[in-house]
Amino acid sequence: MDSNKPTETKRAKISKAQRMTLVEVLAASLVLGACIVIANFLIKYIKFNTIVITAKSDAITEYDQTLRNVGVCVDSDRNGRLSDAEMAACNPNEVSLSQVQNSLRYNIYEVMAQNEALESVARQHEADGVCFDEEGELRNFAEEYNNATTDTEREQALLGTKSCSALRILADALPAHKNTEALMASLNDIFIISELEPESISPRDDIVKSSIEGIGVIPVLFRMEADGPMIIRVLNNIEKSIRDFDITVASFEWTNAGVSARVEANAYYLEDLLSPEVTVTVRAKNGRVTKGRE
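Chemist: So what about the overall build of the chain? Which residues, and what values?
Modeler: On a plain count of helices and strands, the chain comes out with nine helices and six strands. Within the span of the chain, comprising 294 residues, buried residues form 28% of the whole. Sequence separation of 24 or more characterises 57% of the internal contacts of the chain that already satisfy a separation of 6 or more. When the accessible area of the chain is evaluated, it comes to approximately 20,400 Å², of which 55% is carbon and sulfur surface.

In structure tokens form, the structure reads like this:
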């Protein structure tokens, strides 16, 4: 019995070592599996957050580009991007046009407002008003805006620009609101210029939709009776009007007094069009970025 004892002890040690090795392998496998799962999770987490950060960065870049294109904030350090300090100090009323060249604001107030052909037409509406100085000279409101030192002076310069420049023509041609009374007054002015009193001028009850999004329609109806040359004169003046009148139906009857005309026309205005918010959805499953408008 004593001669077999070393053999049994050796076997026990080997069996114990095998059990320990098996436990160590199982533990290592568990650690390795846990590391693989955690590593896979971290990789997906980092990838997802990278997509989110990229989407946020793109949104900030687009917003920054919009502000600089419009010309309401100044890129002081000229690095092509508005910093937090520049955004905090941004005051559109204190921005000089020379600081935002080639922006939408600059092109409107400096380029379009100085269009001589359109500007001369606008100034005719204010021959005795704010468009001229005390000496009867045309006022340069763009220069007055650049030289202004207070918000009040800048607002007055902008008001003068709107009243006496090509900008007024744009507002007259396509008003920003549905103002039926002003439209009837414009039509009446055309008849006054033509030296003819219309029989009637009124809006129509028809509902007319424009084929262009954001453009509203005001249907109008007017009647007049005069000789042929006078009718043609009125129609020519309507055609020359800054306000766009689209004549859709016209009927003429010959009477003892000349020609009786019944005319249906459409005038246009700019509807309130809000820019929809864009929602960006980032999905963790496949990292897909989808954009939608609200």
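Chemist: Summarise the environment of Asn 237; cite the residues concerned and give the values.
Modeler: Along the polypeptide, Asn 237 turns up in helix α9 (residues 228–240). Counting along the chain gives 44 residues from Asn 237 to Ile 193, while the straight-line C-alpha distance between them is 8.2 Å. Setting aside its immediate chain neighbours within four residues, Asn 237 contacts Ile 190, Ile 193 and Ser 194. Reaching out from Asn 237, the side chain makes a polar contact with the side chain of Ser 194 at a distance of 2.5 Å.

Chemist: Summarise unusual backbone geometry; cite the residues concerned and give the values.
Modeler: Although it is not a glycine, Asn 102 adopts a positive phi angle of roughly 70 degrees. The phi angle at Glu 195 is positive, at roughly 60 degrees, despite the residue not being glycine. Its place among the elements puts Glu 195 in the loop between α8 (180–194) and β1 (200–203). Judged by relative accessible area, which is 61%, Glu 195 ranks as exposed.

Chemist: Help me get a handle on the pairing of strand β3 (residues 245–255), residues and values and all.
Modeler: Sheet topology places β3 next to strand β4 (residues 258–270); ten bridges connect them, and they run antiparallel. Paired with Phe 245 across the two strands is Ala 267, which belongs to β4.

Chemist: An account of helix α3 (residues 104–111) is needed here, citing residue identities and associated values.
Modeler: Note: α-helices contain 3.6 residues per turn, so residues at a spacing of three or four share the same orientation. All of the buried residues along α3 are Arg 105, Tyr 106 and Tyr 109. Looking straight down α3, one finds that the buried residues subtend no more than 90 degrees of arc, so they occupy a single side.

Chemist: I'd love a proper account of a nonpolar patch on the surface, names of residues and values included.
Modeler: Taken together, the side chains of Ile 38, Phe 41, Leu 42, Tyr 45 and Ile 46 present a nonpolar region at the surface, about 540 Å² in accessible area. Along the chain, the position of Ile 46 falls in helix α1 (residues 5–70).

Chemist: For the pattern of salt bridges, give the residues involved together with the corresponding values.
Modeler: Enumeration according to the criterion identifies six salt bridges in this entry. Where Glu 195 meets Arg 233, a salt bridge forms, and the shortest distance between an N and an O atom there is 4.0 Å. One end of the pair, Glu 195, is in the loop between α8 and β1; the other, Arg 233, is in helix α9, with 38 residues separating them in the sequence. The network of salt bridges with common partners includes Arg 204, Asp 206, Arg 262 and Glu 264.

Chemist: Explain the sheet that holds β4 to me, and be specific about the residues and the numbers.
Modeler: Judged by pairing direction, the sheet is antiparallel, and its four strands sit side by side in the order β1-β2-β4-β3 without closing on themselves. Looking along the sheet, the strands with just one partner apiece sit at the ends: β1 and β3. Here the average twist between neighbouring strands, direction ignored, is 15 degrees. Pairing analysis gives four bridges linking β1 to strand β2 (residues 215–226), with the strands arranged antiparallel. From the neighbouring strand, Ile 201 faces β2, where its bridge partner is Phe 222. In this fold α8 packs onto β1, β2, β3 and β4, with an angle of close to 35 degrees to the strand it touches most, β2. Helix-sheet contacts for α9 involve β2, β3 and β4, and the interaxial angle to β2 is about 160 degrees.

Rules behind the numbers
Residues numbered from 1 in each chain as written. Predicted model: local features only at pLDDT ≥ 70, side-chain atom pairs only at ≥ 80, totals over all residues. Heavy atoms only, no water. Helix = DSSP H or I, 4+ residues; strand = E, 2+ residues; numbered from the N terminus. Buried < 20%, exposed > 50% of the residue type's maximum accessible area, 1.4 Å probe, protein only. Contact = heavy atoms within 4.5 Å. Areas by Shrake-Rupley, 256 points an atom, 1.4 Å probe, with all protein chains shown as cover. Polar contact = N/O pair within 3.5 Å; in protein donor to acceptor, adjacent residues only side chain to side chain. Pairing = 2+ DSSP bridges. Arc of directions from axis to C-beta. Patch = residues over 30% accessible without salt bridge, like charges linked within 9 Å, V, L, I, M, F, W, Y side chains within 5 Å. Salt bridge = Lys/Arg side-chain N within 4 Å of Asp/Glu carboxyl O. Axes fitted to C-alpha atoms, helices over the stretch in contact; angles between N-to-C directions.

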